[in-house]
Amino acid sequence: FSDAALFLAVALIRVKYGSLSMKDLSIFVGDAYSTWVYILMLVGALTKAGAMPFHTWIPAVAKGAPTPVMALIPSAIDKLLGIYLLARISLDIFSIGPGLMMLLMIIGAVTIVGAVLMALIQHDLKVLLSYHAVSQVGYMVLGIGTGIPIAIAGGLFHMLNNVIYKTLLFLSAGSIEKQTGTTEVDKLGGLARAMPVTFIVTAVAA
């Protein structure tokens, strides 16, 4: 769905503006056509980054995917690409107005609060971490949505920050799963003595 939205947006840009070179594009979002093109690209970026309401693939993957896959894809690669794309389209390719900036800030705020509330009720460690990964995307989207340079810088810095510590948390969860055979939080406890290295790196990441 997200890739289809991106491809359609790219096609519409080619038809209307005659170029696909990012350095040549400077689109003012002031009519229905440019607004829909931006929204299509926004949907693609938010889905890849994992922001609400396009976040559901991340917890779904967490239930069955190997933990190293979770550490690599939703925590690192897709988040970097999605937020980078969001920053390029919102700050460079398109010139958006207060309405769309407010939309970004609302999406960011809802993602922060909604996903962390979902994380609080999870019983599987990988699913818990995946919802928390979704929540962190909200800070990045919110920072970009403000249009304020220091907030944008903070959001982009948190993107790198989150990739590092979330990847470490998922790899630590994988270590726990390998040693205990489960990621059910209710069945885990007292592992600090048995797994001191994992305990230390998990504590640092948390």
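Residues numbered from 1 in each chain as written. Predicted model: local features only at pLDDT ≥ 70, side-chain atom pairs only at ≥ 80, totals over all residues. Heavy atoms only, no water.

## Describing the packing of helix H7 (residues 149-180) against helix H8 (residues 196-205)
Close contact between H7 and H8 brings their axes to 9 Å; oriented N to C, the two are set at 150°. On the basis of their axis angle, the class for H7 and H8 is roughly antiparallel. For the pair H7 and H8, the sense of crossing is left-handed. In this structure, H7 contributes Tyr165, Leu168, Leu169, Ser172, Ser175 and Ile176 to the contact, and H8 contributes Thr198, Val201, Thr202 and Ala205. A class-by-class count of the residues in the contact of H7 with H8 yields 6 nonpolar, 4 polar and no charged. (Axes fitted to C-alpha atoms, helices over the stretch in contact; angles between N-to-C directions. Helix = DSSP H or I, 4+ residues; strand = E, 2+ residues; numbered from the N terminus. Parallel < 35°, antiparallel > 145°, perpendicular 65-115°, else oblique. Left-handed = near helix turned anticlockwise from the far one by under 90°. Contact = heavy atoms within 4.5 Å. Nonpolar A, V, L, I, M, F, W, Y, C, P; charged D, E, K, R; others polar.)

## Remarks on unusual backbone geometry
Across residues other than glycine, the phi torsion is negative in most instances, and most of the peptide bonds are trans. Of note, the bond from Met52 into Pro53 is cis; its omega dihedral lies within 30 degrees of zero at 5°. As for its placement among the helices and strands, Pro53 is situated in the loop between helix H2 (32-49) and helix H3 (57-64).

## Here we look at a nonpolar patch on the surface
A cluster of nonpolar side chains, Val113, Val116, Leu117, Met118, Leu120 and Ile121, forms an exposed patch at the surface whose accessible area comes to about 540 Å². The residue Leu117 is located in helix H5 (residues 98-120) in this model. (Patch = residues over 30% accessible without salt bridge, like charges linked within 9 Å, V, L, I, M, F, W, Y side chains within 5 Å. Areas by Shrake-Rupley, 256 points an atom, 1.4 Å probe, with all protein chains shown as cover. Salt bridge = Lys/Arg side-chain N within 4 Å of Asp/Glu carboxyl O.)

## Topic: H3
Listed as buried for H3 are Ile58, Pro59 and Ala62. Down the axis, H3 shows its buried residues gathered within 95° of arc, on one side only. Turned more than 90 degrees off the buried face of H3, the exposed positions are Ala60, Lys63 and Gly64. (Buried < 20%, exposed > 50% of the residue type's maximum accessible area, 1.4 Å probe, protein only. Arc of directions from axis to C-beta.)

## Examining the packing of helix H1 (residues 2-17) against H2
The geometry of H1 relative to H2 is characterised by a closest axis approach of 8 Å and an angle of 150° between their N-to-C directions. When the axis of H1 is compared with that of H2, the two are roughly antiparallel. As for how H1 packs across H2, the hand of that crossing is left-handed. On the side of H1, the interface is formed by Ser2, Asp3, Ala5, Leu6, Leu8, Ala9, Leu12, Ile13, Val15, Lys16 and Tyr17, while H2 contributes Tyr33, Ser34, Val37, Leu40, Met41, Val43, Gly44, Thr47 and Lys48. When grouped by side-chain class, the residues that make up the contact of H1 with H2 number 13 nonpolar, 4 polar and 3 charged.

## Observations regarding the environment of Pro59
Positionally, Pro59 belongs in helix H3. Separated by 73 residues in sequence, Pro59 and His132 place their C-alpha atoms 9.8 Å apart. Residues in contact with Pro59, not counting those within four places in the same chain, are Val127, Ser130 and Tyr131.

## Describing the environment of Phe54
Summarising the element assignment, Phe54 is placed in the loop between H2 and H3. In sequence terms Phe54 and Gly44 are 10 residues apart; their C-alpha atoms lie 9.1 Å from each other. Not counting residues up to four positions away in its chain, the partners in contact with Phe54 are Phe1, Val43, Leu46 and Thr47.

## Overview of H1
The end-to-end C-alpha distance of H1 is 22 Å, a good match for the 22 Å that 16 residues give at a rise of 1.5 Å each. One or two residues past the end of H1 sits Gly18, with phi positive at roughly 75°. (Expected span 1.5 Å × (residues − 1).)

## Concerning the confidence of the model for the protein chain
Here the protein chain shows a mean pLDDT of 84. Residues at 70 or above account for 98%. Across the protein chain, the secondary-structure element scoring lowest on mean pLDDT is strand S1 (residues 27-28), at 76, and the one scoring highest is H5, at 90. (pLDDT = per-residue confidence, 0-100.)

## Looking at the pattern of salt bridges
Under the definition given, this model contains 3 salt bridges. In this structure, the salt-bridge partner of Lys48 is Asp3, at a minimum N-O distance of 3.0 Å. In this pair, Lys48 is assigned in helix H2 and Asp3 in helix H1, connecting sequence segments 45 residues apart. Using a relative accessible area of 39% as the deciding quantity, one classes Asp3 as partly exposed. One salt bridge in this structure joins Glu177 and Lys126, with 3.8 Å as the shortest N-O distance. On the criterion of sequence distance, the pair formed by Glu177 in helix H7 and Lys126 in helix H6 (residues 125-146) is long-range, its members being 51 residues apart.

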